[in-house]
Structure formats: C-alpha cells, structure tokens
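For reference, the chains in residue letters:
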Amino acid sequence: MNRIWIKTLASCGALSAALLASPALAKNVSACLITKTDTNPYFVTMKKGAEQTAKKLGVDLTTYAGTYDGDNQSQVAAIASCIDEGVDGILITPSDTKAIFPSIGKARQAGIMVIALDTKLQPASAADATFATDNVQAGKLIGEWARKRVDDEKARIAFLDLAVSQPSVGVQRDQGFMQGFGIDVKDPNKWGDETDPRIVGHDVSYGAEDRGRKAMENLLKKDSSINLVYTINEPAAAGAYQALEAAGLEDQATIVSIDGGCPGVKNVQEGVIGATAQQYPLLMASKGIEAVKTYVETGEKPQNSPGLDFINTGVNLVTDHPVEGVDSISIEEGLERCWG
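Residues numbered from 1 in each chain as written. Predicted model: local features only at pLDDT ≥ 70, side-chain atom pairs only at ≥ 80, totals over all residues. Heavy atoms only, no water.

Observations regarding the state of the cysteines
Counted according to the given criterion, the structure contains two disulfides. Across the disulfide from Cys262 sits Cys338; the S-S distance is 2.0 Å. An S-S torsion of about 90° defines the bridge between Cys262 and Cys338 as right-handed. Highlighted residues: Cys262 in helix α9 (residues 262-269) and Cys338 in the segment after α11 (331-337), separated in sequence by 76 residues. Taking relative accessible area as the criterion, Cys262 reaches 14% and is therefore assigned buried. The connectivity of the disulfide-linked cysteines in the chain, indexed sequentially, is 1-2, 3-4. (Disulfide = S-S within 2.5 Å. Helix = DSSP H or I, 4+ residues; strand = E, 2+ residues; numbered from the N terminus. Buried < 20%, exposed > 50% of the residue type's maximum accessible area, 1.4 Å probe, protein only.)

In structure tokens:
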C-alpha cells in the first residue's frame, strides 16, 4: 500500500486575513486515489496527474495501489481506510468492477463522492462520475487499422487479454477490436464466445510484460502461423514481441495495442508495435480531483459526454503507417502527447 500526502498551507498572514474577511474558513478538501498498481507506467502517470492537481488546488491527497492488476482485496482495504479518514472524494481505477461494488456503496453512504477513472464500475451509475477513454472506440481504431494492414481473410489472430474478470476495460477493448476488424461479436460483455475461425485463441497477460510473453508463447504453441496479435496494453505487447522474436517470427506478425505511453509510442517508432490507441491518464486524474473540489464547494457533479455514461477524455491512433479511412496522428505527435 502506498500513501502520499500533499498539503498546501496558507501563510500565517494569509490565514489571518482570511479569518478577518470571513466568519468561517472554507472547508479543507481531501481525497483518496486508489489505482490498480503502482508499477504500471499508466497508473504512475495517473497518480502524478492527481498529485499535481491536488497540490495546485490545495486538496489533501492520499494514494493507494493494489499489488497487481486484479487485486480487489487491497482496493477494498483502501476504501475502508479512506472512509475512516473521512475524505470528501475517492478516485478509483477498479480492478474488479463488480466485486468492489459493496465497498463503493459504503463510501457513498458515508457521504463520499466516488469517481471511477479509466474503468467504469458495473453499473456505471455506482459511481458519481467516471472519467475514462472510450475503450470500445480505442479497440475499434486498432481493429480498423489492422484490417487495412493485414489480409483479413488470411488472418490468424492471437488475443492477449487482461484477465478473466468480465466485463471489464479489457473486454471493452477486446470487443472493440473485433468490431473494427469485422469479427462477429456474440456477447459484447465477455470475450471467448466468438466462433470466427480466424481467432487462434485468447490468453491473459494481466497487463504485464512477463505475462504477455508467456501468453504469446502459449498461443504460438497452439498455432505458429499467427500473423496478428491484439494486446490489452503496451507492456503486454512488448512481451508478445519478445516471444515472437525468440521464435524467429517477429516479421510474420503485426502487433496492435492500446495505451499511448512513451515506451509504447517508441515501440511503434521502432516497428515493435504497428499501431497503438493513445489515451490520457494524467487528464483523467486531474479532472477527477477538480470534480471533487467543485462538488465540495458547489454541490455540482460533472455531466457525462453526449450519448455515453461517462466523461470521455479522448483517444488517438498513433502509427507511422496511416491508412485511408482511419484517423491517426503521427509518431512525432504521439511522442509529444505521450506519458510515462
């Protein structure tokens, strides 16, 4: 568990002036940030964004993280600690969007504003607000790009998913990719029920490089003709490339991914990844802290983006091989906007 406090104190002179000007001091705003891990660059960046904005706005911030992606129990314990602290807001990237529901309910019953970041709760209305990428759209972008780059009739596709927890952000990205590539999605709330013969199989990476390599090795044992690899994120993509390279198949397969971190964009530049969908975790966290501050001061909650049940913080396809009909940004712009 990781705890970081950020406090901004007024000078004695400013405090005296405030006391003279107002019969009561403004309420000191406090919040907790709970991420899935504190090792993945994506969540490290999210934490950085929350800390910077908290310092700027004078919000007391405590941060927690799970020990691995999927560590629901650590998040349950973190929420309990935040309730005991009496914070005004909790920002969370839920590892298990359903299992965390009772703890979220306790926090809201205690009068705490709950904001989901990156990953929607099930249901989304379990949180007061959600700041996230449109993960289905992110998946569609890399699916549409891959369909233009790989002969879709001869495709042999490996899926390196996040975890078995469904539905989740991993499912949204997976199913978005399938839609973009033209695969018949059965139940959009889970992966693995598709019957398309081009799918070699699914394995889980837990968003980690070492697990991504192992998952790719498993699928190559099943079919060494794999020529397209979908990965949940860029660490998993790096691991997949290592496995392909070890098997002498790195030139055979095109890898696509989602995240947009600086290491991932550089991997696109170097040809390790063909294209990645870039999202903006620092913005999610910053907007979340701002929303807590605004809610405490005015009682107002942020409004969802039109047609969505969350606030969309944007996504861009990054590639050095743009294709007709699929919007993308250059490697240079991706590097300017990347994180981590």
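Here's the deal with the sheet that holds strand β9 (residues 254-259)
Judged by pairing direction, the sheet is mixed, and its six strands sit side by side in the order β7-β6-β8-β9-β10-β12 without closing on themselves. The open sheet terminates on both sides in strands that have one partner only, identified here as β7 (199-204) and β12 (316-318). Across the sheet, the mean angle from the axis of one strand to that of its neighbour is 15°, orientation sign disregarded. Two strands pair when backbone bridges link them, and strand β6 (residues 157-161) and strand β8 (residues 228-231) are joined in this way by four bridges, in the parallel orientation. Residue Leu160 lies in a different strand from β8, and its bridge partner there is Thr231. Sitting on the sheet, helix α7 (residues 209-222) is in contact with β6, β7 and β8, with an inclination near 150° to β7. (Pairing = 2+ DSSP bridges. Axes fitted to C-alpha atoms, helices over the stretch in contact; angles between N-to-C directions. Contact = heavy atoms within 4.5 Å.)

Side note on the nonpolar core
Membership of the largest hydrophobic core comes to 30 residues, with the highest contact counts inside it found for Ile142, Ile157, Phe159, Phe177 and Phe181. For this core, the secondary structure elements donating two or more residues are α5 (135-149), β6, α6 (169-181), β8, β9 and β10 (275-278). The leading source of residues in this core is α5, at five residues. In this view, Phe181 contacts Gly143, Glu144, Ala146, Arg147, Asp152, Ala155, Ile157, Arg198 and Leu228; residues no more than four positions away in its chain are not counted. Within the second largest apolar cluster, 26 residues are counted, among which are Leu219, Leu249, Cys262 and Ile331. (Core = buried A, V, L, I, M, F, W, Y, C linked by side-chain atoms within 4.5 Å.)

What to know about the environment of Gly207
Examined against the element boundaries, Gly207 turns out to sit in the loop between β7 and α7. Residue Gly207 is classed as buried on the basis of its relative accessible area, which comes to 8%. Along the sequence, Gly207 and Tyr42 sit 165 residues apart, while their C-alpha atoms lie 10 Å from each other. Residue contacts for Gly207: discarding those within four places in its chain leaves Asn40, Leu162, Ile232, Asn233, Pro235 and Ala236.

Considering the confidence of the model for the chain
Do not read the predicted coordinates in detail wherever pLDDT is low. Taken as a whole, the chain shows an average pLDDT of 91; of its residues, 92% reach a score of 70 or greater. When the criterion is pLDDT under 50, residues 1-25 qualifies, and its contacts beyond four places in sequence or with other chains add up to 31 contacts. (pLDDT = per-residue confidence, 0-100.)

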